[in-house]
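Notes for the structure review
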Amino acid sequence: MSDHLTIVTHPLVQHKLSIMRDKETSTSKFRQLLREISMLLAYEATRELPTHNVKIQTPICEMDAPKLEGRKLALVSILRAGNGLLDGILELIPAARVGFVGLYRDPETLQPVEYYNKLPSDLQDRWTVVVDPMLATGNSSAAAIDLIKQAGATNIVFMCLLAAPEGVQRMKEAHPDVRIVTAALDDHLNDHGYIVPGLGDAGDRMFGTK
Ligand code: URA
């Protein structure tokens with residue numbers, strides 16, 4: 001595994017992911033598992049967040065204890081499926097600022113088309129975790145990260161549930177500085193741009209649409 005790609009092989013993550021992949025899993029169960037898995041992935045994605053020591057008093061003595069450096073995290077959800085990963089991370093880090101980038105994939109060209117962009121104004125001062133469950137062709141993720149970098153972000157981690165080798169390669173070429181954290185690296189993309197074996201359309205699975 002390269003520094004560019006971190007696969008979270010923890011048994012809890014893998015167990016939850018297997019249930020999510022199963023086509024018989026209900027929408028509500030899928031959403032619940034996504035929320036749980038996002039917290040476990042966030043644990044890895046935020047591993048390098050800076051801390052500083054502050055003096056505290058335990059019941060026993062005074063100590064220098066590490067705390068996160070202020071409100072230094074931004075989360076950016078790539079709509080709409082990214083929102084499913086957002087809730088769990090926000091539970092862990094409620095002070096994070098949140099931005100949204102709306103991109104859809106043109107079904108013919110598979111290229112990303114932007115329809116929404118609302119990002120925190122001070123991204124240059126923050127660590128930014130970009131969330132989107134499916135890293136498929138990588139085109140929309142790479143385009144979203146272009147926008148996020150244009151808005152000033154320099155320290156970016158990309159967090160997803162599933163990645164295809166094609167998407168990882170595309171991101172590595174477009175954004176070699178962005179670490180990818182994922183629960184699994186699947187086999188390939190099919191002719192419609194879906195990850196195989198995958199879990200289907202993540203947005204449809206989490207929102208019950210078709
Ligand atoms: N987006 C999805 O929701 N699923 C895929 O398999 C690929 C892209």
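Note that this is a predicted model, so its numbers are computed, not measured. (Residues numbered from 1 in each chain as written. Predicted model: local features only at pLDDT ≥ 70, side-chain atom pairs only at ≥ 80, totals over all residues. Heavy atoms only, no water.)

This part takes up the pattern of salt bridges. The full count for this structure, using the stated rule, is 10 salt bridges. The shortest N-O distance in the salt bridge between Arg21 and Asp186 comes to 2.7 Å. A residue pair is termed long-range when its members are at least 10 positions apart, and Arg21 in helix H1 (residues 11–21) and Asp186 in the loop between strand S12 (184–185) and strand S13 (188–189) qualify at 165 residues. Residue Asp186 is classed as buried on the basis of its relative accessible area, which comes to 7%. Ionic pairing is found between Asp64 and Lys55, a salt bridge with its closest N-O pair at 2.9 Å. Under the relative-accessibility criterion, Asp64 is labelled partly exposed at 42%. On the basis of relative accessibility, which here comes to 56%, the residue Lys55 falls in the exposed class. (Salt bridge = Lys/Arg side-chain N within 4 Å of Asp/Glu carboxyl O. Helix = DSSP H or I, 4+ residues; strand = E, 2+ residues; numbered from the N terminus. Buried < 20%, exposed > 50% of the residue type's maximum accessible area, 1.4 Å probe, protein only.)

Moving on, we get to the pairing of strand S3 (residues 62–68). Alignment of strand S2 (residues 51–57) against S3, held across seven bridges, turns out to be antiparallel. Within S3, the residue paired with Thr51 across the bridge is Leu68. Connecting the antiparallel pair S2 and S3 is a turn made up of four residues. (Pairing = 2+ DSSP bridges.)

With that settled, the discussion passes to the sheet that holds strand S8 (residues 134–135). Reading across from one edge, S8-S10-S12 is the order of the three strands in this open sheet, with parallel pairing throughout. In this open sheet, the two strands that pair with only one neighbour each are S8 and S12. Of the pairings in the sheet, the one linking strand S10 (residues 162–163) to S12 comprises two bridges and is parallel in character. Residue pairing across strands places Ala163 opposite Leu185, the latter belonging to S12.

Our focus in this paragraph is the packing of aromatic side chains. A full pass over the atoms with the stated rule returns one aromatic pair. Considering the side-chain rings of Tyr104 and Tyr115, the 6.2 Å spacing of their centres and the 35° angle between planes classify their relative orientation as tilted. Of this pair, Tyr104 sits in strand S5 (residues 97–105) while Tyr115 sits in strand S6 (residues 112–118), and the two are 11 residues apart along the sequence. (Phe/Tyr/Trp six-rings, centres within 6.5 Å; stacked < 30°, edge-to-face > 60°.)

Let us look at a nonpolar patch on the surface. A cluster of nonpolar residues, Tyr104, Tyr115 and Tyr116, forms a patch on the protein surface that exposes about 340 Å² of accessible area. With respect to the helices and strands, Tyr116 occurs in strand S6. (Patch = residues over 30% accessible without salt bridge, like charges linked within 9 Å, V, L, I, M, F, W, Y side chains within 5 Å. Areas by Shrake-Rupley, 256 points an atom, 1.4 Å probe, with all protein chains shown as cover.)

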